[in-house]
Structures are given as structure tokens and as C-alpha cells.
Amino acid sequence: MAEMVKSTTSSGPRTAEANPVTRFFRATEIDTRLLGMIGALIIIWIGFHIITGGLFLTPRNLWNLSVQTTDIAVMTTGMVLIIVTRNIDLSVGSVLGLCGMIMGVTQAKILPEYIGFDSPFTWAITLLVGLAAGCLIGAFQGIIIAFLNVPSFIVTLGGLLVWRGATWLVTSGQTVAPMDQTFRIMGGGAEGSIGATWSWIVGICACLFVIASIVGSRRQRRRFGFPRRPMWAEYFLAVLSCVLILGAVWIANSYYWPINIAKKYAETNNIPWPETGLDIPYGIAVPVLIAIVVGIIMTFIATRLRFGRYVFAIGGNPEAAELAGIKTRWVTVRIFALMGILAAIAAAISTARLNAATNSQGTLDELYTIAAAVIGGTSLAGGTGTIAGAMLGALVMQSLQSGMVLAHVDTPLQSVVVGTVLVVAVWLDTVYRSRAK
């Protein structure tokens, strides 16, 4: 009985006065802004499904949508930290293009002369070279911003032009292809998916991880005397999370390889071809797994590490953070270096998916990355933002693009819609902040 009393998240009179919906959200501690985004996403999906005649909410399109979202989703996790500190990075698209070209040249032109094209080490060396390049570029921009006191808008705007030009200079405008076979796994496709069995294993492990996190959080709250959620709220969150995870796995396993690829696979592995055909599920795509892992790591950095607390402290009040002894300049350098690494990871995914490094890679990605972060609840005024919200914002942005393509909307009109959504998102953030005060 005592535990049930302690488990409430608000005082008795205040809870009694609230309506059932308010009490539900207080008990479950669900972020209403995040819930609003999910509601908007559902409306977008249903709307496009109706407009496209039932093409949008199909396993094929949802699977492709998840893969197409990954590179922006990866970069927007870093953009959250940059915007939280009241900075901006307009160069991420160009950094992606340059890192992609560097990785393409490394594996297609440089490494074959020394270790051969099909070496098992090609993909690892290529990825390390790309990550190092992204880190150095980001750190270089961060040093100029932090120690030379040049505004991040100007530095990264210059970077947008400089790194895009450098991408062209690396190969004089030529496209580099093909990529290493193992490297291409990071791009998705038939080779870049883990199949039905492993997808279910990953889904079950994710469910166990969620349950363990809920249990661990409850124990931590009890240990430090913090208010705990009611037990029914804990069970509700656990069941809801598991249903969503397993539902996503089921959708991924409902999309099958094309007949030609399945036949080729059957011939290569001496599998008899049945009269009804061979249904081989794609399962979860590798780039989706990469994006999820990046999201988890970035969430841990932002919420559990001292570095993350410093980032939000700087965004809340830079002068107070400086007086508190936080080395704000070096934190800024590290944030931009981290952003460069994330841009390199996105470049690897993009290059692997295209099976080529092109000069147009990453064009306008900086705008979509910033838009995803803002739509996800990151305030341009600094101090607030979540990794999960930004990744959900990336999914919203890609859903709009994918839906408009399926609906045969002209490209200029697509730009109008995306720009309008960004402006509305900033306006809603302004309204929310003013009411919160």
C-alpha cells in the first residue's frame, strides 16, 4: 500500500482535480509533444495512403521509407546537440559528399593497388578513413568557431561551399564506382538485410532491453527517493513498446525479395525453385540498425554523460556555464567533431546504397537535417531538444517526400511543402515556448 502511494507522480489534490487524460499522461510520463508528432505522422501516412490509392502503407514502401530515412536520421542526432548550444551547421550535406567521395576513391582506386579490390579489410579501412576525414573537418570548423569567435552560421556556410568544391576536385567531377561488396551491405537491399530469423531475434532482444530499462529506471528512482510511475503505467509502457517493436519487425519481414533476385539466390545455393515461387523476406535493413544504434548511443551521450550535461548547460546559459567552470570552447569543438563523424557515417550509408560516390551526394541534406531536428522539438533558441524527437522528425520529413513522389507531385511543389512545414514547425515551437513561460 505504501508503495502504491509513493508510485504516484503528482500530489493527491492536483491529481484528483485533473481529468482522466491528464492523469494518464502524468502517470505514464509520455512526452505530449512527441505524441503530437506521432499523431501528425499517422495522419500523413493515412492521407498519402488514400491519395496514392493504397500504395503508401505497404511493406515495400515502408521498408524503403525506413532505409531512405537513415542518413538524415543519423546526422540529425548530432544536429540536435549543435542547435542546443545555439549554433548551426550548414555544411553537413557537403561534408557528407566529401566523405563519400573520399571513401569511394579509397576503396575503388587506392586500396586495390595494395591489397586488392575484394580484400576483407577494404570496407574497414575505407570506413576508418571516412570517419577520420569527417572528424577532422568537423573539428577544424569547431576550432574556428570556438577559438576565433567566428559565428557558426558563417563558418559552416563557408564550409558548405568549400567542401562541396573539394568534393569535385577529388576526382574532377567524375563518379566513382563500384563499391566493395562488403561495404555495400551498409546500404541495404537484398544483401544489406538480416533476414526474417535474425530480425525476430533482434526484435525480441530489443523488447528485453526495453523491459530491462524500465525495471532499471524504477530501481534507480526508488534508490534515490524519486517519484515512481504506477505499476500499471510501467506495464502499459512495456507492452506498448514491445508491440511497436514486434510490429515493425513483422512489416520488415512482410517485404520479399524480387523474383529475379530470389531465382539467382536459389541457383547460387542449389535451392530447388518451387512452382509457387520462393518467398525470401528482407527483414530489417542494416542501415536501419546502424541508425538505431547511433540513436541509442547519442541518447546515452546526451542524457547520461557529463559531456551531454555540459551541452545543455551551455545552451541554457552560456555565460553561467563558463562561470561554472565548463570549458565551453572545447565542448564546442567536440560537438562539431562529433557532427563530422556522424556525417561520415551517413556518407557511408549513402555511398553504399548508391554503389557509387557522386558529386551530388548530400545536396540540400543540411536543410533536411536542420528541419528534422526542429520538427522534432529542438528549439533554435537553444537549451532544449531530444534525439528521439529529431529522428522522428527525420521520418516525418522523409514520409512527406516519399508520399509526394508516389502522388506524382511536381518537384517545385515538393520544395514548397517542405519549406512550409519547416516554418510551421518553428512557429509551433515559438508558441509552445511562450505558453510554457
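Residues numbered from 1 in each chain as written. Predicted model: local features only at pLDDT ≥ 70, side-chain atom pairs only at ≥ 80, totals over all residues. Heavy atoms only, no water.

1. Some words on helix α17 (residues 365–375)
For α17, a buried count of ten out of eleven residues is recorded, marking the element as mostly surrounded by other parts of the structure. G377 sits one or two positions beyond α17 and adopts a positive phi of about 105°. (Buried < 20%, exposed > 50% of the residue type's maximum accessible area, 1.4 Å probe, protein only. Helix = DSSP H or I, 4+ residues; strand = E, 2+ residues; numbered from the N terminus.)

2. Notes on helix α5 (residues 59–84)
Because an α-helix completes one turn every 3.6 residues, residues spaced three or four positions apart along the sequence face the same direction. Between its first and last C-alpha atoms α5 spans 36 Å; for 26 residues at 1.5 Å apiece the expected length is 38 Å, and the two agree. The buried fraction of α5 is high, at 21 of 26 residues. Count one or two residues on from α5 and you reach R86, which has phi positive near 70°. (Expected span 1.5 Å × (residues − 1).)

3. A closer look at the packing of aromatic side chains
Tallied over the full model, the rule gives twelve aromatic pairs. Considering the side-chain rings of W63 and Y255, the 5.5 Å spacing of their centres and the 55° angle between planes classify their relative orientation as tilted. Placement of W63 in helix α5 and of Y255 in the loop between α11 (231–253) and α12 (259–268) is noted, with a sequence separation of 192 residues between them. Both residues of the pair, W63 and Y255, belong to the buried class. Centre to centre, the rings of W257 and Y265 are 5.2 Å apart; their planes meet at 85°, and the pair counts as edge-to-face. A relative accessible area of 16% means that W257 is categorised as buried. Note on Y265: relative accessible area 35%, which makes it partly exposed. An aromatic cluster is present here, built from W63, Y255, W257, Y265 and Y282 joined pairwise through their rings. (Phe/Tyr/Trp six-rings, centres within 6.5 Å; stacked < 30°, edge-to-face > 60°.)

4. What about the nonpolar core?
If you look at the biggest cluster of nonpolar residues, it comprises 80 residues, and the most contacted ones within it are M75, M79, L81, M298 and L342. The dominant element in this core, judged by the number of residues it contributes, is helix α16 (residues 328–354), at 14 residues. By size, the runner-up hydrophobic cluster in this structure holds 13 residues, among which are V249, A262, I280 and V288. (Core = buried A, V, L, I, M, F, W, Y, C linked by side-chain atoms within 4.5 Å.)

5. Re the domain arrangement of the protein
Each assigned domain of the protein is listed here: domain 1 (52–188 + 286–436) and domain 2 (193–284). Distance from the C-alpha centre of domain 1 to the C-alpha centre of domain 2: 26 Å. Sorting the residues of domain 1 by area buried against domain 2 places P59, W63 and L289 first, and these three jointly supply 57% of that buried surface. Run the count over domain 1 and domain 2 and you get zero salt bridges. In this assembly, domain 1 and domain 2 are joined by one residue pair in polar contact (both at pLDDT 80 or more). Counting residues per element, the ones that place at least two in the side of domain 1 that touches domain 2 are α5 and α13 (286–304). Considering each element in turn, the side of domain 1 that touches domain 2 owes the most residues, five residues, to α5. (Domains from an automatic or database assignment. Buried area = accessible area lost by both parts, 1.4 Å probe. Salt bridge = Lys/Arg side-chain N within 4 Å of Asp/Glu carboxyl O. Polar contact = N/O pair within 3.5 Å; in protein donor to acceptor, adjacent residues only side chain to side chain.)

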